[in-house]
Amino acid sequence: MAQTTDEAELRAALAEGPITVYCGFDPTAPSLHFGNLVQLVLLRRLQRAGNRVVCLVGGSTGLIGDPRPTAERVLKTKEQTAEWVDRIQAQVRPFLDFDGENAAVMVNNLDWTAPISALDFLRDVGKHFRVNQMIKKDAVAARLNSDQGISYTEFSYQILQALDYLHLYREHGVTLQTGGQDQWGNLTAGVDLIRRAEGASVHALTTPLLTDEAGNKFGKSEGNAVWLSAERTSPYAFYQYWINVEDASVIKLIKVFTDRTPDEVAELERSLAEEPFKRLAHRTLAADVTTLVHGADATAAVQAASEALFGKGDVRALDPQTFRDATAALGGGEVQVGTAVIDALVAAGLVDSKKAARRAIAEGGVSVNGAKVTDEAAVLGEQDFLFGAVALLRRGRKNLAAARVVDHAE
RNA sequence: GGCAGGUUGUCCGAGUGGCCAAUGGAAACGGACUGUAAAUCCGUCGCGGUAACGCUACGCAGGUUCGAAUCCUGCACCUGCCA
């Protein structure tokens, strides 16, 4: 928890009985990512604790765009946004319980925003907002001070989000909105609106931005975002992301993302301190979160793959089935017998260009099936494709890919 | 509409006729060290080529020049001030 409107009052409200809480997700991409996971887990816990949960996917706010402090967003088409709304709704469903007596509710703010005319919007909603306050919100202030400026469109975003809160307060009795720390301005805009329009006092709660010891945001893997969809970030890559988290942050992440009990956490903490080489905390974290997002079956598969690929043994010694399953989890490309290692690295997506591939070999960072490649002109021969199918390419300590042989009849 | 300033590689940011594929920083990547950790040290960091070298690149299009990221013209976009 980072900030709340009135912590004492919120605690009292929560203690008194179930409340109704909402959190919104804007369809700015076809998939949710690491950052959204914090909110999903929070909602999940709140629901399990007996509270009612309303999950909003921003069909209208997604069309406008929450102002980023750095730059204006490029508008997405309505069709695109609508499609992403569907995808994100589907992605959220597994995290919450939408059946039973305490079923979560899924809403789309386009339903109540779209019918409002511009005039009604300005007269009925706009009157409650003071520009003087609006320009003080962090993201807006940053943009006003930048040489980018800010469009009227994005400037209006906070009004739309505040309107959502008001609507949900009226229709569903929502009295708490959660969000990331950067959403504070938008959340309080809603709280203020409800106070003015309804004379009611409602709450807002933000979660702190998760950063590593160096102060960097979590959720970036090799410069790419960690997505929740298997198409964008494979379960294998997802699992590996968590396995590689720095020691100093594992325990914190376990507390945030998993349902481990305090006793279990204490045990993991002890293990981390006394027998770090076992990497027990990392394995637990990776397994728990991967299960949460991708399910138990996928987790078992990537665990086995990781075990096989990073185990001490020789990959050649693995039994064919294990090897096949493990490499199936990896990214890779198709090559033919006789393809140069350099070209195979490019085809498998391990490097961006042949030049980079050559460089990697020169740096001593490339191996095929565990054997270091020293010759830039090396080619993949028949014997390199283990079990007649796949050559395991490695760049650096932990970038692996599979070069799958294709019918070389052509 | 007028005036002024800006647009450089993933990002920030130098460079104002040749020595510039372009200083510096960040990010990233590889190696050593380890525990698929952090810190540290070393190295790499446009594309093709073993290399010599070639190609592409400093908003876009032309031009001046033996030679331009650097000068000129037009256009686009951004920012500020004025109307």
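The rules behind these values
- Residues numbered from 1 in each chain as written.
- Chains lettered and ligands numbered in written order.
- Predicted model: local features only at pLDDT ≥ 70, side-chain atom pairs only at ≥ 80, totals over all residues.
- Heavy atoms only, no water.
- Helix = DSSP H or I, 4+ residues; strand = E, 2+ residues; numbered from the N terminus.
- Contact = heavy atoms within 4.5 Å.
- Core = buried A, V, L, I, M, F, W, Y, C linked by side-chain atoms within 4.5 Å.
- Buried < 20%, exposed > 50% of the residue type's maximum accessible area, 1.4 Å probe, protein only.
- Phe/Tyr/Trp six-rings, centres within 6.5 Å; stacked < 30°, edge-to-face > 60°.
- Lys NZ or Arg CZ within 6 Å of the ring centre and 35° of its normal.
- Domains from an automatic or database assignment.

**A word on the environment of Asp259**
Then step 1. Of note, Asp259 is situated in the loop between helix H13 (247-257) and helix H14 (262-274).
Then step 2. Spatially, the C-alpha atom of Asp259 lies 8.3 Å from that of Asp288, the residues being 29 residues apart in sequence.
Then step 3. Not counting the four nearest positions on each side in its chain, Asp259 is found in contact with Arg44, Arg45 and Arg48.

**Overview of the nonpolar core**
A general feature of soluble globular proteins is that nonpolar side chains tend to end up buried together.
Then step 1. If you look at the biggest cluster of nonpolar residues, it comprises 63 residues, and the most contacted ones within it are Leu37, Leu96, Trp242 and Phe257.
Then step 2. Here this core takes seven residues from helix H2 (residues 34-48), the largest share from any one element.
Then step 3. Apart from the residues lying within four places of it in its own chain, the contact partners of Leu37 are Phe95, Leu228, Trp242, Phe257, Val289 and Val293.
Then step 4. Phe129, Ala162, Tyr165 and Leu166 belong to the second largest nonpolar core, which has 27 residues in total.

**Examining the packing of aromatic side chains**
Then step 1. Scanning all chains against the criterion turns up 10 aromatic pairs.
Then step 2. Ring pairing ties together the aromatic residues Phe34, Phe218, Phe238, Tyr241, Trp242 and Phe257, which thus form one cluster.
Then step 3. Here the basic side chain of Arg93 rests over the ring of Phe98, its NZ or CZ set 5.5 Å away from the ring centre.
Then step 4. It is Arg232 that lies over the ring of Trp227; its NZ or CZ is 4.5 Å from the centre.

**Quick look at the domain arrangement of chain A**
Many structure descriptions define interface size as the accessible area lost when the parts assemble.
Then step 1. By domain assignment, chain A separates into domain 1 (3-207), domain 2 (220-311) and domain 3 (327-405).
Then step 2. For domain 1 versus domain 3, the distance between C-alpha centres works out to 47 Å.

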